[in-house]
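Given next are the chains, with one letter for each unit.
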Amino acid sequence: MSAILEVNNLKTTFHTGNGAVQAVRGVSFHLNEGEILGIVGESGSGKSVMSMSLIRLVAPTAKIEAGSILYKGKDISTYSARQLRSIRGKEIAMIFQDPMSSLNPVMTVGAQVAEMLSEHSRLSAKERKAQVIALFNRVRIPEAEKRYRQYPHELSGGMRQRVMMALALAMQPGILIADEPTTALDVTIQDQILKVMRQLQSELGTSILFITHDLAVVADLCSRVLVMYGGQIMEDASIDDIFARPLHPYTLGLMASIPSLEQEKATRLVPIPGSPPDMLNPPAGCPFAPRCPEAREICLENPAPLVDAGKGHHSRCWLLTEGARELDHPFRTVTDAMYRNRERTEDTL
Amino acid sequence: MSIMLEVKNLTKHFPLGKGRVVHAVDDLSFVLKKGKTLGLVGESGCGKSTVARTVTRIYEPTAGHIFLDGQDITSMNQKTLKPLRRKMQMIFQDPYASLNARMTVRDIIAEPLKAHDVTANRKEIDELVFDMLALVGLGDEHARRYAHEFSGGQRQRICIARALILRPDIVICDEPISALDVSIQAQIVNMLKDFQNERNLTYLFIAHDLSMVRYVSDDVGVMYLGQLVEYSSSEAIYQNPLHPYTKGLLGSIPIPNPVLARARVKSEIEGDLPSPIDPPHGCRFHTRCPYKMDICMKVEPLLEKQDGEHAVACHLYG
């Protein structure tokens with residue numbers, strides 16, 4: 001499988017009155033053709049800024065530095081503002097958490113999608129409308145003809161997000177960046193939207209970068225995942241691998257703090273103590289070290305290296321390095337529980 | 001088991017003018033047992049928060065009765081109600097909007113003491129506030145700060161301190177963790193559970209996160225368009241859901257386990273929640289129900305007990 005997007009050492013810094021906020025601190029990853037890649041992280045982890053930096057959609061005060069951002073082999077990090085305009089929307093499209101603020105409130109949703117088509121192609125008004133209706137059908141908007149003439153405020157949150165998806169897909173982009181598209185929606189509607197996402201990926205072969213804070217959604221939708229914290233990638237692995245053998249204490253902590261539907265009520269959730277780091281003044285060592293129950297001195301002082309754990313699984317943790325092998329594995333009790341879960345899973349199948 | 005809060009046929013309608021009415025809550029009945037947690041779940045717009053605000057008399061109920069610890073508070077005037085309000089406190093979803101930005105944390109947490117004339121002695125107030133801060137895992141040094149200096153999780157701790165300082169019997173938690181990060185949610189939920197054990201608190205826990213509701217609740221009520229469609233112990237509802245809506249809701253929760261996620265058979269709910277201004281006739285869920293029968297479009301099913309406490313409002317079980 002070839003990579004449609006390859007990012008090397010991306011850094012984004014916001015210069016504010018209080019100092020420099022280092023939102024993204026050296027992120028490298030690739031997105032394969034036709035793949036749904038999940039990016040998981042809490043608020044402030046840098047996941048949204050990272051994805052918006054790819055197509056320079058951040059405030060002008062932000063400074064983006066990148067080794068390279070290769071889209072289909074071309075380094076778009078060196079593109080001029082004008083060149084980048086031809087990429088945005090057409091090659092790399094984006095949808096956001098709140099569709100209401102992305103849609104024009106005084107224009108019918110049909111006209112908004114049609115406008116997009118007329119910007120980029122030469123079609124008659126009739127052909128445009130037919131194409132918009134076809135797009136609406138593709139994202140499973142019922143009564144597409146009627147919806148075409150409606151305004152955003154007349155639609156539900158789920159419907160608006162579908163319109164956004166139709167808008168994003170109008171130009172058949174190579175990559176769709178979806179930034180928490182289902183966070184504001186109810187589970188029932190989220191389920192419907194995820195289904196449409198899967199369909200797009202399988203029918204159109206769209207590569208999707210799916211940003212979320214919800215590990216469960218990632219398990220359901222993605223084939224690979226990056227876990228972000230403090231502006232860095234802490235762990236990346238295939239979905240099966242990360243749930244079968246999570247290696248970073250932060251990933252383990254995230255998994256232990258969500259109750260599963262089978263969770264025994266008597267057992268306590270294991271929260272991660274403390275709160276996320278202040279990116280104005282990020283910790284010198286591993287950003288997770290101040291909250292990590294297994295942190296050693298080295299973790300607080302030196303940035304952790306990315307350790308290759310095989311099968312394309314990487315984890316940025318000192319405890320996995322050569323010299324730390326003799327130490328007990330962090331979160332022994334949690335990992336034990338996870339392994340029990342895994343055995344149970346295999347039993348039920 | 002004694003009953004802390006009982007709601008009988010509670011109805012709350014919001015008039016829109018021209019005879020149009022939002023049926024936010026319709027004929028809802030449930031009991032909250034002392035020291036237990038009742039979880040209310042449902043999609044946004046189903047009336048969960050209206051229930052919270054009506055049982056606390058923030059909204060005046062249109063019809064029905066609310067009994068707090070045996071006393072009917074439905075039409076009690078504000079003066080007689082005030083001492084009873086000490087028993088019932090609330091925690092809201094948005095810890096950013098529910099704290100006054102211009103008050104110090106000390107004054108925020110102390111405000112209920114003043115409102116209920118518990119004490120005016122500064123030293124006593126300070127002591128009580130510091131106790132509360134310690135209880136929710138904050139320090140004395142936080143007392144002089146303002147809300148904007150805290151993270152979401154810390155703010156929610158301040159909200160909890162404010163709600164508990166009067167030593168209430170019942171706390172209405174209206175989506176207390178929805179706005180928080182996953183790692184922080186567990187901190188807050190564990191804290192709420194500890195307080196319940198220590199102080200025999202009763203919770204009405206409103207949320208749309210079904211796995212969290214199952215984890216914290218003893219009983220669960222599932223709401224749809226202002227009505228209760230299923231009500232049971234949380235074990236029974238999650239292991240043996242009866243109502244097609246409950247099944248669909250449970251089926252749409254993403255599972256944090258890729259192997260199980262692929263293996264499960266999905267029962268999906270199509271479409272959106274209809275408008276509560278003109279709710280569908282008969283069973284309100286029939287527009288989205290995969291098991292719809294003729295009777296469902298005409299006759300409204302009643303919430304009837306099937307198996308012990310397990311009640312469901314559905315013609316499939318009639």
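Please read these numbers as outputs of a predicted model, since none were measured by experiment.

1. Quick word on the overall build of chain B
The helix and strand tally for chain B stands at eleven helices and twelve strands. The dimensions of chain B, computed from C-alpha atoms along their principal axes, are 70 × 50 × 40 Å. Classification of the 318 residues of chain B by burial places 56% in the buried group. Counting 38 positive and 38 negative side-chain charges, chain B places the averaged centre of each group 3 Å from the other.

2. Some details on the domain arrangement of chain A
Residues and elements named next belong to chain A. Splitting chain A by domain gives domain 1 (1–91 + 176–195 + 202–349) and domain 2 (101–172). Distance between the C-alpha centres of domain 1 and domain 2: 32 Å. Taken together, the contact pairs twelve residues of domain 1 with 13 residues of domain 2. Across the domain 1 to domain 2 interface the summed buried area is about 1100 Å²; carbon plus sulfur atoms make up 61%.

3. A closer look at the side chain of B:Thr54
All names here are of chain B. Secondary-structure assignment places Thr-54 in helix H1 (residues 48–55). When its relative accessible area of 0% is taken as the criterion, Thr-54 is described as buried. Setting aside chain neighbours within four positions, we find Thr-54 in contact with Leu-10, Lys-12, Tyr-59, Glu-60, Pro-61 and Ile-66.

4. A look at the packing of helix H3 (residues 105–115) of chain B against helix H4 (residues 122–135) of chain B
All names here are of chain B. Following both chains from N to C, one finds H3 and H4 inclined at 115 degrees, their axes separated by 10 Å at the closest point. One element, H3, and the other, H4, form an angle in the roughly perpendicular class. Judged by the twist between their axes, the crossing of H3 over H4 is right-handed. Side by side, H3 and H4 meet where Val-105, Arg-106, Ile-109, Ala-110, Leu-113 and Lys-114 of the first sit next to Arg-122, Ile-125, Asp-126, Leu-128, Val-129, Met-132 and Leu-133 of the second. Taken together, the residues of the contact of H3 with H4 break down into nine nonpolar, no polar and four charged.

5. Looking at the sheet that holds strand S6 (residues 88–91) of chain B
In a beta sheet, neighbouring strands are held together by backbone hydrogen bonds and run either parallel or antiparallel to one another. Residue and element names in this part refer to chain B. On the basis of which strands lie adjacent, the open sheet formed by eight strands has the order S6-S7-S8-S3-S9-S10-S12-S11 and mixed pairing. If you trace the sheet from one side to the other, it starts and ends with S6 and strand S11 (304–307), each paired once. Pairwise comparison of adjacent strand axes, ignoring direction, gives a mean angle of 20 degrees for this sheet. Helix H5 (residues 152–164) rests against S6 and strand S7 (170–174) of the sheet, and its axis sits at about 175 degrees to S6.

6. Description of the sheet that holds strand S5 (residues 74–75) of chain A
Residue and element names in this part refer to chain A. If you walk across this open sheet you meet the four strands as S2-S1-S4-S5, and the pairing is antiparallel. The sheet terminates laterally at strand S2 (19–32) and S5, the two strands that pair on one side only. Where strand S1 (residues 3–16) and strand S4 (residues 62–71) come together, nine bridges link them in antiparallel fashion. Counted as the bridge partner of Lys-11 is Glu-65 from S4. Contacts from helix H1 (residues 47–54) reach S1, S2 and S4, with the element oriented near 115 degrees to S1.

Parameters and conventions
Residues numbered from 1 in each chain as written. Chains lettered and ligands numbered in written order. Predicted model: local features only at pLDDT ≥ 70, side-chain atom pairs only at ≥ 80, totals over all residues. Heavy atoms only, no water. Helix = DSSP H or I, 4+ residues; strand = E, 2+ residues; numbered from the N terminus. Buried < 20%, exposed > 50% of the residue type's maximum accessible area, 1.4 Å probe, protein only. Lys, Arg positive; Asp, Glu negative; His and termini not counted. Charge placed at Lys NZ, Arg CZ, Asp CG, Glu CD. Domains from an automatic or database assignment. Contact = heavy atoms within 4.5 Å. Buried area = accessible area lost by both parts, 1.4 Å probe. Axes fitted to C-alpha atoms, helices over the stretch in contact; angles between N-to-C directions. Parallel < 35°, antiparallel > 145°, perpendicular 65-115°, else oblique. Left-handed = near helix turned anticlockwise from the far one by under 90°. Nonpolar A, V, L, I, M, F, W, Y, C, P; charged D, E, K, R; others polar. Pairing = 2+ DSSP bridges.

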